[in-house]
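What follows is the residue order along each chain.
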Amino acid sequence: MAADTSMESSSLQQVLHHARNADGIGSNTIKDLYDHWTGSYDTDLLKQNYQGPTKVSAVLSEHCTDKSASILDCGCGTGLIGEKLHALGYSNITGLDISQKSLDVAEQKGVYNNLVCTEVGKEKMPFGEDEFDAIICSGCILPTHMRPSCFREWVRVVKPGGIIALAMRQCYIEVVKGEEEYFSKDFQLEFGEVTQDLERSKSWQIISKTNFPQYYEGSLGLLVVSKVL
Ligand SMILES: C[S@@+](CC[C@H](N)C(=O)[O-])C[C@H]1O[C@@H](n2cnc3c(N)ncnc32)[C@H](O)[C@@H]1O
């Protein structure tokens, strides 16, 4: 990523700093960071040519063709995914995030039916079993945000036959040239253990796992699509 010292990118730099130095970072820090960032988040990410929401929405639409499907956008932030899904014709989208200020921005976009402020990973999400047809997520699976253990909770709230579509940076779970500083062995092990456990217990089946070159400027993206069994 190009060095950028502008005010707009300082929050992004902090997120990346915490991603590299995860020790001792609590959820309050993350919440405060995103609460503070809301005003410039969309334009900052646009400048970085952030492709996660576009890619993950496109892949979800290949597997979930019912436009009235109930979709949970987990870690929706300011609603970049909601906008993409809405443009694709989806009309039943719930957004969830730890940052109420981000949710306030998402609400202004008028693309979500329901917005919920809660922390994923602390306790059960406030949804019943099999409540959604799909979950979509971009930019949230990283050491300081949502851990891979939350996939179990995602499987709980998605109906059998439902789809989970995830976009993330590859570098958190594998050493990627030029992005070595973000690799976390601990996170890689947890990612492997949880995904394999869910396959072994026939809770989900991974349908596809693909890399794409432009997650955002200069970073390798990973798209994982799973079907809940
Ligand atoms: C990089 S942003 C991605 C937002 C949106 N999905 C996008 O693609 O623009 C990460 C989001 O995850 C949220 N977040 C981080 N950790 C969380 C947690 N444990 N529970 C709920 N939301 C969390 C943050 O508040 C932030 O809005």
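The chain goes by Methyltransferase-like protein 27 in an unreviewed UniProt entry, where it is assigned to Holothuria leucospilota.

Peer 1: What am I meant to see in the UniProt feature "domain: Methyltransferase type" (unreviewed entry) in the chain here?
Peer 2: As recorded in UniProt, the sites labelled "domain: Methyltransferase type" (unreviewed entry) are residues 72-165. End-to-end, the C-alpha atoms of residues 72-165 are 10 Å apart, and along that stretch the chain is 27% helix and 29% strand.

Peer 1: Help me understand the pairing of strand E3 (residues 114-117) in this model?
Peer 2: For a regular strand, side chains alternate in direction, first toward one face of the sheet and then toward the other. Inspection of the sheet shows strand E2 (residues 93-97) paired to E3 by 4 bridges, in the parallel sense. Residue pairing across strands places Gly 95 opposite Leu 115, the latter belonging to E3. Read as a crossover between parallel neighbours, the route from E2 over helix H5 (residues 100-108) to E3 is right-handed.

Peer 1: Would you mind showing me how to read the site of the ligand here?
Peer 2: Tyr 34, Gly 75, Gly 77, Ile 98 and Gly 139 are the nearest of the 22 residues found near the ligand. For the shell around the ligand, the element with the highest residue contribution is helix H2 (residues 27-47), accounting for 3 residues.

Peer 1: It is not clear to me how the sheet that holds E2 should be interpreted in this structure. Could you clarify?
Peer 2: Strand order in this open sheet of 7 strands is E3-E2-E1-E4-E5-E7-E6, and the pairing throughout is mixed. Each edge of the open sheet is held by one strand with a lone partner, namely E3 and strand E6 (204-212). Along the sheet, successive strands turn relative to each other by an average axial angle of 15°, direction set aside. The pairing of strand E4 (residues 132-138) with strand E5 (residues 158-169) spans 6 bridges and is parallel.

Peer 1: In this structure, what is going on with H2? I would like to understand it.
Peer 2: Residues spaced three or four apart along an α-helix point in a common direction, a consequence of the helix completing one turn every 3.6 residues. Of all the bends found along H2, the most pronounced is centred on Thr 38 and spans about 75°. In the core, the buried residues of H2 are packed alongside helix H1 (10-20), helix H4 (80-87) and H5. At the exit of H2 stands Asn 49, carrying a positive phi of roughly 55°.

Peer 1: Help me out: how do you make sense of the packing of helix H6 (residues 150-157) against helix H7 (residues 185-200) in this one?
Peer 2: The angle between the axes and the distance between the axes are what describe a pair of packed helices. At a minimum axis distance of 9 Å, the contact between H6 and H7 shows a crossing angle of 35°. Counting all contacts with H6, which are made through Phe 151, Arg 152 and Val 155, the residues of H7 involved are Val 194, Thr 195 and Leu 198. Tallied by class, residues from the contact of H6 with H7 come to 4 nonpolar, 1 polar and 1 charged.

Peer 1: Before we go on, may I ask you to explain H4 in this structure?
Peer 2: Taken as a whole, H4 has its buried residues at Leu 80, Ile 81, Gly 82, Lys 84 and Leu 85. For H4, the elements touching its buried residues are H2, helix H3 (52-63), strand E1 (71-74), E2, H5 and E4. Taken from the residues just after H4, Gly 89 is the one with a positive phi, measuring 105°.

Peer 1: I would appreciate a short explanation of the environment of Gly 221 in the present structure.
Peer 2: Position of Gly 221 among the secondary structure elements: in strand E7 (residues 221-228). According to the C-beta neighbour criterion, Gly 221 is buried, with 22 such atoms within 10 Å. A sequence separation of 170 residues divides Gly 221 from Gln 51, and the C-alpha atoms of the two residues are 8.7 Å apart. Once residues lying within four places of it in the same chain are set aside, the contact partners of Gly 221 are Gln 51, Gly 52, Lys 55, Ala 167, Arg 169, Gln 170, Asn 211, Phe 212, Gln 214 and Tyr 215.

Reading the values: the criteria
Residues numbered from 1 in each chain as written. Predicted model: local features only at pLDDT ≥ 70, side-chain atom pairs only at ≥ 80, totals over all residues. UniProt positions renumbered as here; feature names shortened; annotations may be inferred. Helix = DSSP H or I, 4+ residues; strand = E, 2+ residues; numbered from the N terminus. Pairing = 2+ DSSP bridges. Right-handed = clockwise from strand over helix to strand, strands pointing away. Near = placed C-beta within 6 Å. Axes fitted to C-alpha atoms, helices over the stretch in contact; angles between N-to-C directions. Bend = angle between axes of the 7 residues up to and from the residue. Contact = placed C-beta atoms within 7 Å. Nonpolar A, V, L, I, M, F, W, Y, C, P; charged D, E, K, R; others polar. Buried ≥ 20, exposed ≤ 12 C-beta atoms within 10 Å, placed from the backbone.

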